[in-house]
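Breakdown of the fold
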Amino acid sequence: MTFMKNLKTGFAAAAFATFGAGAAMAEFPERTIELIHPWGPGNAMAVSQIIAKAMGEELGVDMPVISTPGAAGTKGQITAMQRPADGYTVFDGYVAPLVLQPVLGNADWTYSDFTPLHAAVSNAFAIGGRPGESRWSNFEEMMAYGKANPGELRYSSGSRNNLPHMVIAKVLQSYGVVAQNVPYTQDGNAVKDLKSGVLDFAFVNVGNYIQDKPAFNIMLVLSELPGAKASYDGAPSIADLSIDLGLSGLAPMGWTWWIVNPDTPDAEVAKLRAAMTAAMKRDDVRSAIEAVGFVPLEWDHTQYDAIVGPVAGQLGAMGNALDWEVEELKKLN
Amino acid sequence: MLFESVASGLELFLTPLAVSMTLLGVIIGLLIGALPGLGPLMGIILLLPVAISLPPVAAMGFLIAIFVGGSCGGSISAILLRIPGTPLAAATLFDGYPMAKKGRASDAIGIAITASAIGGLIGGVVLIMGSPILANFASDFAPPEYAMLAITGLFAIAIISGGSLVKGLISGCFGLLLATIGTDEFSTGYRFTFGNHNMLNGFHIVAVVVGLFAVSEMAAQIMGRDLLKKPEIKIERPGFNSIFLTLKNWKNLVRSSSIGVFFGALPGAGGVISSFTSYAIAKAWARPDENYGEGAEGGVVATEAANNATVGGTLVPSLALGIPGDASSAMLLGALLILGFVPGPILFEQQPDMVGGIFLVYLASNVFLLIAGILVTPLFVYILRIPKFYLIPVVLLLCSIGTFALQASVFDLMVMLGFGLVGILFRAANYPLSPIVIGLILGPILENNLRRALLISREGYWIFVDRPVAATLLVINILLVVGAFWVALRNRRNKNQLSKA
């Protein structure tokens, strides 16, 4: 009996020593780190997969991208933040769930509630029409037509109450043009209906544009950054308008900044930041991102407040554009 | 022009790496498709990081082969276990499972694989010959047309409901109601989410399908009396005679493949609708002695030819217009962009060899599917010999892993189990399950396109009459309703006359 007891004690001690030592020596990360992506499968997810693959290589673990679409990206953000704050969940913090939805009152957080890792990518939008349109040839003429025919124009910003919708509504409000927004689940279908004449104009991203340049008349690039204008072969941008929309930097663009739960331990955050910074500097990563029509961003976590803060301020200042559109359309009906 | 593309793509495709990755992709796709929960989309997402490190044609061959194999793999579990491995195979169990019960599991799987491969090849021929025409047609298919087509699709419920039309319609309406859960695309308001963020995008279709079919089927198996018995089933090796069995249904094969290509070419329609529609049409046109629903070979041919032809159809708008036909092709387009190729008309003009290479890997995937499928099938068929005592927990475990993998979400597991209970109750009351899936898939297509069409219209409902294709579909829908009433009245009159006599 005594022998058996000693044997058991010995096994227990050995097991404790093995696992205890293992736990003490274990270094983050020990297992896969999940990136919660707030949209469905598509180009944006492919871009996140490029960065996640490279970041995973830097960390020595796999980094699968989990698509969790819903409620303009807020479903993904809530899902990510409800996970344990242990560094094994990273959120793909697109501007819509991170900044815009809180501005619209659909989320109870602000961008400063999260810990940033590194800026990821941006994607400039433009307002596109069809070449050969007989009613107008440029943006100013389309606005004149829209003002003379209230409620006549049909346009799409993809889904409703997203960033392109807010920016386009702000532009239309500035010109006093009332137009009907038509939401689409898939951006590609909106572009298809623009090409076939069902819609009068639509938001077009760089990816759509480079796929079929002759099919578009890019009337207005929704960014004043020179790089964005160059992506659309020098089409007019909001910097060329006679009116000031109060939008600059990343405010009128789509972008994502990878973030983690603020309770994540500093050591884990430091490793994640170092890995993402290294991944974003790699030439293969940058060229793959650019091939999809997105722009890799170079800002690190120290610049988060300086870059994202003004975006939140500008979007907050133009917050009534969507309500204005709804009210004006109601008056016409 | 396109033949020249294919010829120039031959050099890119005929490399050991491209050919072997295509073959590997088919086998991985078959396995992923056969596992309940996982499907071609999950396979493509998981293996995209591997693919983008390969040369372009090998990478696209790998991913497209997963798409092709995954679209067929779901039929294996549908036939053997009465569990659709993917929602695409939900209609395959109508006749596939009864065939297996009659001891013809090998034939059923052989037919499913052959029909998938031939359907896919027909899709490939259409892809090569008719891309420009189909792309133009798809371009003109706008919200009014989608709304009318969704209504036509809902009529499939009437045909697949089996015994009771009323019960089928109740199930279908249940599916339509489930489809309203989530964020309303138009008002951006939340509907029936009860403050739970997990429900902001509704229920995941795969979690619902696995719950409805797999969990309820396993429950039904547990209640059987043969739980501990080792099944004494004589298993025949499937052979290449499946090809002849499939070709006997050549009219059905061509018709169902055409339906599959048509739905594939329409962005957003997808393989589930095409397989149910093909099945409904095949059943409606069948002779009474073909006994659809009791193990008719034509039933398996119709659904499997359609859902694999849909893959070919889906590549049409994806490659020719740069507009993804469904979520899987959206990931394929992402991969293509990462590899440095921009899909759309420019790709056809500037890199015809790459277009040809993609066409060839798609055709080769279907040929490999036929060969690999028939050779690998015996391994699957031996599942039938495993006592249910062991099989049931393994299947439930695989279902749970597959469903959890969708969004790494415990909520999806609860949805699966909840719908398992719903499935058990529906079965107990003898209500069909498939109309729930049709309602759940067609609900958002109908609602959103109807509302979208009315926003676009400047004359209210007249938009459905002003547009020729929408008007044609509207007339077809009216004729189907009138015809259904006429048949019902005639049957009632005949019944009354018989009872008087």
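Keep in mind that what you see is a predicted model, and the values were worked out from it rather than measured.

1. Describing the sheet that holds strand β10 (residues 254-260) of chain A
Residue and element names in this part refer to chain A.
- Pairing is mixed across the open sheet formed by 6 strands, whose spatial order is β2-β1-β3-β10-β4-β11. Edge strands, defined here as strands with exactly one partner in the open sheet, are β2 (65-67) and β11 (295-296).
- For strand β4 (residues 115-123) and β11, the ladder comprises 2 bridges, and the chain directions are antiparallel. In the sheet register, V121 faces β11, and the bridge partner there is P296.
- Across the sheet, helix α3 (residues 74-81) is in contact with β1 (34-37), β3 (89-94) and β10; its angle to β3 comes to roughly 155°.
- Those strands touched by helix α4 (residues 95-103) are β3 and β10, and its axis lies near 60° from that of β3.

2. Some remarks on the pattern of salt bridges
- Scanning the model with the defined rule gives 30 salt bridges over all chains in all.
- The residue K53 of chain A makes a salt bridge to E57 of chain A at a minimum N-O spacing of 3.5 Å. With K53 of chain A and E57 of chain A both in helix α2 (residues 43-59), this residue pair falls 4 residues apart, about one helical turn.
- Here K53 of chain A falls in the partly exposed class, since its relative accessible area comes to 26%.
- The partly exposed category is assigned to E57 of chain A, whose relative accessible area is 42%.
- The shortest N-O distance in the salt bridge between E297 of chain B and R104 of chain B comes to 2.6 Å. On the criterion of sequence distance, the pair formed by E297 of chain B in helix α14 (residues 297-321) and R104 of chain B in the loop between α5 (93-101) and α6 (105-139) is long-range, its members being 193 residues apart.

3. Some remarks on the interface of chain A and chain B
- Taken together, the 49 residues of chain A in the interface contact 49 residues of chain B.
- Of the roughly 4,000 Å² buried between chain A and chain B on both sides combined, carbon and sulfur atoms contribute 58%.
- Contact with chain B buries area across many residues of chain A, yet K75, K192 and Q211 of chain A alone supply 16% of it, more than any other trio.
- At the boundary of chain A with chain B, the tally comes to 2 salt bridges.
- A salt bridge links D200 of chain A to R458 of chain B, with the shortest nitrogen-to-oxygen separation between them at 3.2 Å.
- Contributing elements (two or more residues each) for the side of chain A that touches chain B: α2, β2, α3, β7 (180-181), α7 (187-195), α8 (206-211) and α11 (283-291) of chain A.
- Here the side of chain A that touches chain B takes 6 residues from α2 of chain A, the largest share from any one element.
- Residues belonging to the side of chain A that touches chain B are distributed by class as follows: 17 nonpolar, 19 polar and 13 charged.

4. Brief notes about the sheet that holds strand β5 (residues 125-129) of chain A
All names here are of chain A.
- With respect to topology, 5 strands assemble into an open sheet ordered β7-β6-β8-β5-β9, the strand pairing being mixed. Every other strand in the sheet has two partners, leaving β7 and β9 (217-221) as the edge strands with one partner each.
- Bridging between β5 and β9 involves 4 bridges; their strand directions are antiparallel. Bridge pairing in β9 places G128 opposite I218.
- Contacting β5, β8 (201-205) and β9, helix α5 (residues 139-148) runs over the sheet at an angle of about 90° to β9.

5. Overview of the environment of H197 of chain B
- Within the secondary structure, H197 of chain B is located in the loop between β2 (190-191) and α10 (205-222).
- Residue H197 of chain B is classed as buried on the basis of its relative accessible area, which comes to 12%.
- Residues contacting H197 of chain B, with those up to four places away along its chain left out, are K75, I78, T79 and Q82 of chain A.

6. Structural notes on the packing of aromatic side chains
- Using the criterion set out here, one finds 26 aromatic pairs over all chains in the structure.
- Centre to centre, the rings of W39 of chain A and Y94 of chain A are 5.7 Å apart; their planes meet at 70°, and the pair counts as edge-to-face. Placement of the pair is W39 of chain A in the loop between β1 and α2 and Y94 of chain A in strand β3, with a sequence separation of 55 residues.
- The class for W39 of chain A is partly exposed, based on a relative accessible area of 26%.
- For Y94 of chain A, a relative accessible area of 7% corresponds to the buried category.
- Taken together, the ring pairs in this structure connect F137, F141, Y146, F262 and F263 of chain B into an aromatic cluster.

The rules we used
Residues numbered from 1 in each chain as written. Chains lettered and ligands numbered in written order. Predicted model: local features only at pLDDT ≥ 70, side-chain atom pairs only at ≥ 80, totals over all residues. Heavy atoms only, no water. Pairing = 2+ DSSP bridges. Helix = DSSP H or I, 4+ residues; strand = E, 2+ residues; numbered from the N terminus. Contact = heavy atoms within 4.5 Å. Axes fitted to C-alpha atoms, helices over the stretch in contact; angles between N-to-C directions. Salt bridge = Lys/Arg side-chain N within 4 Å of Asp/Glu carboxyl O. Buried < 20%, exposed > 50% of the residue type's maximum accessible area, 1.4 Å probe, protein only. Buried area = accessible area lost by both parts, 1.4 Å probe. Nonpolar A, V, L, I, M, F, W, Y, C, P; charged D, E, K, R; others polar. Phe/Tyr/Trp six-rings, centres within 6.5 Å; stacked < 30°, edge-to-face > 60°.

Everything listed is a geometric property; what it means functionally is a separate question.
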